[in-house]
Amino acid sequence: MAGLFLSFEGTEGAGKTTQIDRLEARLVRAGHAVLRVREPGGTEIGERIRAVLLDRGHTEMAPWTELCLYVASRAQLMRERILPALEAGAIVLCDRFGDASVAYQGGGRKLGRGRVERLNAWATAERRPDRTYLFDLDPRIGLARIRAGRGAASLDRLESEALAFHRSVRRAYLALARKEPDRILQLDAALDPDQIESLIVADLGPRLPR
Ligand code: Z5A
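Overview of the structure.

Cut-offs applied
Residues numbered from 1 in each chain as written. Predicted model: local features only at pLDDT ≥ 70, side-chain atom pairs only at ≥ 80, totals over all residues. Heavy atoms only, no water. Near = heavy atom within 4 Å. Polar contact = N/O pair within 3.5 Å; in protein donor to acceptor, adjacent residues only side chain to side chain. Helix = DSSP H or I, 4+ residues; strand = E, 2+ residues; numbered from the N terminus. Nonpolar A, V, L, I, M, F, W, Y, C, P; charged D, E, K, R; others polar. Salt bridge = Lys/Arg side-chain N within 4 Å of Asp/Glu carboxyl O. Buried < 20%, exposed > 50% of the residue type's maximum accessible area, 1.4 Å probe, protein only.

### A word on the site of the ligand
By nearness alone, 27 residues border the ligand, and Glu12, Lys16, Thr17, Thr18 and Ser101 come closest of all. The contact in question runs from an oxygen atom of the ligand to an N or O atom on the side chain of Thr17, over 2.4 Å. Broken down by secondary-structure element, the contributors of at least two residues to the shell around the ligand are helix H1 (16–29), helix H2 (44–54), helix H3 (63–87), helix H4 (98–108), helix H6 (139–150) and helix H8 (193–204). The element contributing the most residues to the shell around the ligand is H4, with four residues. In the shell around the ligand, the residues fall into eleven nonpolar, six polar and ten charged.

### Quick word on the pattern of salt bridges
Within the structure shown, the criterion is met by 22 salt bridges. In this structure, the salt-bridge partner of Glu66 is Arg109, at a minimum N-O distance of 2.9 Å. Separated by 43 residues along the polypeptide, Glu66 in helix H3 and Arg109 in the loop between H4 and helix H5 (113–123) bring together distant segments of the chain. Each member of the pair, Glu66 as well as Arg109, is classed as buried. Here Asp203 makes a salt bridge to Arg131, at a shortest N to O gap of 2.8 Å. One end of the pair, Asp203, is in helix H8; the other, Arg131, is in strand E4 (residues 131–136), and 72 residues separate them in sequence. Accessibility assignment for this pair places Asp203 and Arg131 in one class, buried. Each of Asp99, Arg113, Glu117, Arg128, Lys179, Glu180 and Arg183 takes part in one network of salt bridges that share partners.

It is worth stressing that arrangement in space is one thing and function is another; only the former is reported here.
Shown next, in the form of structure tokens:
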């Protein structure tokens, strides 16, 4: 399939949105067709699922319910927006994708990597990102960045989990990066934003459509 599918992953406050903003602007300036989406969400149905998932009042949500909702949002996003954009030759910038379910639900909620990966394959028509940028950061630093930016009262349901949960998520992401070094580029998210941008641009250059 034509097009280029890029995903951006990592724990909270690691700087994904900051870098996607910069990359999107750079690619559009260079004349590329770009689709930018986020997970959960990115479609009308997905944004409604997102509201259910991140609602701090939903403390009773079972881990399997949580996983199925993330995967449902992904299935919709894939069919409605990502696959058509790739078929049209666009560069897709996706703020989180299937690896997030492996890390958060497989690792953080302890549902197991293999089962989450099988669900992901089914929901995404087995189309995986061509390249994934993993922003690795001590969760204490990431959560402090979010509190400084938004205030502690605005943390969503997942962000409000205990530090041990966020550490499990980080370990699961690092295990994925070790397992798939050809797809996943691990970045030190404690670096300065300009340095991180340079690393991404250098890596992406040879992969861009001419
Ligand atoms: N989730 C899941 O459990 N399972 C799944 O399958 C999927 C998701 C797909 C979605 O939240 C939640 O759903 C997420 C995972 C879970 N939850 N948690 N917890 P979201 O979409 O609302 O948020 P997010 O994806 O976690 O993004 P974020 O936390 O808002 O952070 P970010 O995009 O990585 O960072 P940022 O907004 O670019 O930067 C945060 C702050 O740090 C900001 O003030 C920046 O100015 C600053 N910043 C950025 N870069 C730097 C550097 N390099 N140095 C210093 N400061 C920086």
